[in-house]
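Here's the letter readout for the chains.
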Amino acid sequence: MTSEQPAVVYPAAEDGGRRVRVGDQFLGIAYGLLDVAEFLRRSGIEDADPEYVRQSETIEWRGGGPDVWGR
(Lines give C-alpha, C1' and ligand atoms only; values in the text may rest on other atoms or scores of the structure.)
Protein backbone atom coordinates (compact mmCIF):
# COMPACT_ATOMS: atom_id res chain seq x y z
CA MET A 1 0.00 0.00 0.00
CA THR A 2 2.88 2.28 -0.70
CA SER A 3 0.60 4.53 -2.76
CA GLU A 4 -1.38 5.25 0.43
CA GLN A 5 -4.63 4.09 -1.12
CA PRO A 6 -7.25 3.61 1.54
CA ALA A 7 -8.01 0.09 2.66
CA VAL A 8 -11.65 -0.99 2.75
CA VAL A 9 -12.91 -3.50 5.30
CA TYR A 10 -16.35 -4.79 4.31
CA PRO A 11 -19.20 -5.89 6.60
CA ALA A 12 -18.91 -9.27 8.29
CA ALA A 13 -20.16 -12.33 6.43
CA GLU A 14 -22.12 -15.07 8.17
CA ASP A 15 -18.90 -16.78 9.25
CA GLY A 16 -17.61 -13.55 10.82
CA GLY A 17 -14.97 -12.80 8.21
CA ARG A 18 -14.64 -9.38 6.63
CA ARG A 19 -13.22 -8.87 3.12
CA VAL A 20 -10.25 -6.51 2.93
CA ARG A 21 -9.34 -4.60 -0.22
CA VAL A 22 -6.85 -1.91 -1.21
CA GLY A 23 -7.60 -0.27 -4.54
CA ASP A 24 -8.48 -3.05 -6.97
CA GLN A 25 -6.57 -5.65 -4.98
CA PHE A 26 -8.43 -8.11 -2.75
CA LEU A 27 -6.13 -8.88 0.18
CA GLY A 28 -8.10 -11.58 1.96
CA ILE A 29 -10.72 -12.37 4.58
CA ALA A 30 -9.97 -11.02 8.05
CA TYR A 31 -11.37 -12.47 11.25
CA GLY A 32 -9.86 -9.82 13.50
CA LEU A 33 -7.53 -6.84 13.69
CA LEU A 34 -4.43 -9.03 13.57
CA ASP A 35 -5.48 -10.36 10.16
CA VAL A 36 -6.08 -6.84 8.83
CA ALA A 37 -2.67 -5.78 10.15
CA GLU A 38 -0.98 -8.73 8.43
CA PHE A 39 -2.66 -7.94 5.12
CA LEU A 40 -1.48 -4.33 5.38
CA ARG A 41 2.08 -5.42 6.23
CA ARG A 42 2.10 -7.59 3.13
CA SER A 43 0.90 -4.56 1.17
CA GLY A 44 3.86 -2.46 2.27
CA ILE A 45 2.94 -0.90 5.62
CA GLU A 46 5.67 -2.49 7.70
CA ASP A 47 4.62 -0.98 11.04
CA ALA A 48 0.97 -2.10 10.80
CA ASP A 49 -0.22 -3.75 13.99
CA PRO A 50 -3.68 -4.08 15.57
CA GLU A 51 -3.43 -0.65 17.23
CA TYR A 52 -2.44 0.95 13.91
CA VAL A 53 -5.44 -0.75 12.28
CA ARG A 54 -7.77 0.47 15.03
CA GLN A 55 -6.63 4.12 14.73
CA SER A 56 -5.72 4.54 11.06
CA GLU A 57 -7.67 7.11 9.10
CA THR A 58 -6.72 5.39 5.83
CA ILE A 59 -9.01 2.43 6.57
CA GLU A 60 -12.65 2.67 5.57
CA TRP A 61 -14.79 0.46 7.78
CA ARG A 62 -18.07 -0.58 6.19
CA GLY A 63 -20.75 -2.23 8.27
CA GLY A 64 -19.13 -1.34 11.59
CA GLY A 65 -15.79 -0.24 12.91
CA PRO A 66 -12.74 -2.17 14.06
CA ASP A 67 -14.58 -3.73 17.00
CA VAL A 68 -17.42 -5.20 14.90
CA TRP A 69 -16.88 -8.81 13.86
CA GLY A 70 -19.43 -11.53 13.23
CA ARG A 71 -20.18 -14.42 15.53
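Scroll up a little and you will see the structure.
For clarity, every value in this text was computed on a predicted model and none was experimentally measured.

(A) Molecular detail of the side chain of Ser 56. On the secondary structure map, Ser 56 appears in the loop between helix 2 (50-55) and strand 4 (59-61). Residue class for Ser 56 comes out buried when judged on its relative accessible area of 13%. Looking at Ser 56, its side chain comes within polar contact range of the side chain of Thr 58, at 2.8 Å.

(B) Region of the structure containing the nonpolar core. Of all hydrophobic cores here, the largest spans 16 residues; its most connected members are Val 9, Val 20, Val 36, Leu 40, Val 53, Ile 59 and Trp 61. Tallying contributions element by element places helix 1 (residues 33-42) first for this core, with five residues. Once you skip the residues sitting within four places of it in the chain, Val 53 turns out to touch Leu 33, Val 36, Ala 37, Leu 40, Ile 59 and Trp 61.

(C) Looking closely at the side chain of Ser 43. Tracing the backbone shows Ser 43 in the loop between helix 1 and helix 2. In this structure the side chain of Ser 43 is engaged in a polar contact, spanning 3.0 Å, whose partner is the backbone oxygen of Phe 39.

(D) Geometry of the sheet that holds strand 4. Spatially, the four strands line up as an open sheet ordered 3-2-1-4, and their pairing is mixed. At either margin of the open sheet sits one strand with a lone partner, and together these are strand 3 (25-30) and strand 4. Across the sheet, the mean angle from the axis of one strand to that of its neighbour is 20°, orientation sign disregarded. Direction of pairing for strand 2 (residues 18-22) relative to strand 3: antiparallel, over a ladder of five bridges. Following the sheet pairing, Val 22 is matched in strand 3 by Gln 25. In this fold helix 1 packs onto strand 1 (7-9), strand 2, strand 3 and strand 4, with an angle of close to 155° to the strand it touches most, strand 3.

How each quantity is defined
Residues numbered from 1 in each chain as written. Predicted model: local features only at pLDDT ≥ 70, side-chain atom pairs only at ≥ 80, totals over all residues. Heavy atoms only, no water. Helix = DSSP H or I, 4+ residues; strand = E, 2+ residues; numbered from the N terminus. Buried < 20%, exposed > 50% of the residue type's maximum accessible area, 1.4 Å probe, protein only. Polar contact = N/O pair within 3.5 Å; in protein donor to acceptor, adjacent residues only side chain to side chain. Core = buried A, V, L, I, M, F, W, Y, C linked by side-chain atoms within 4.5 Å. Contact = heavy atoms within 4.5 Å. Pairing = 2+ DSSP bridges. Axes fitted to C-alpha atoms, helices over the stretch in contact; angles between N-to-C directions.

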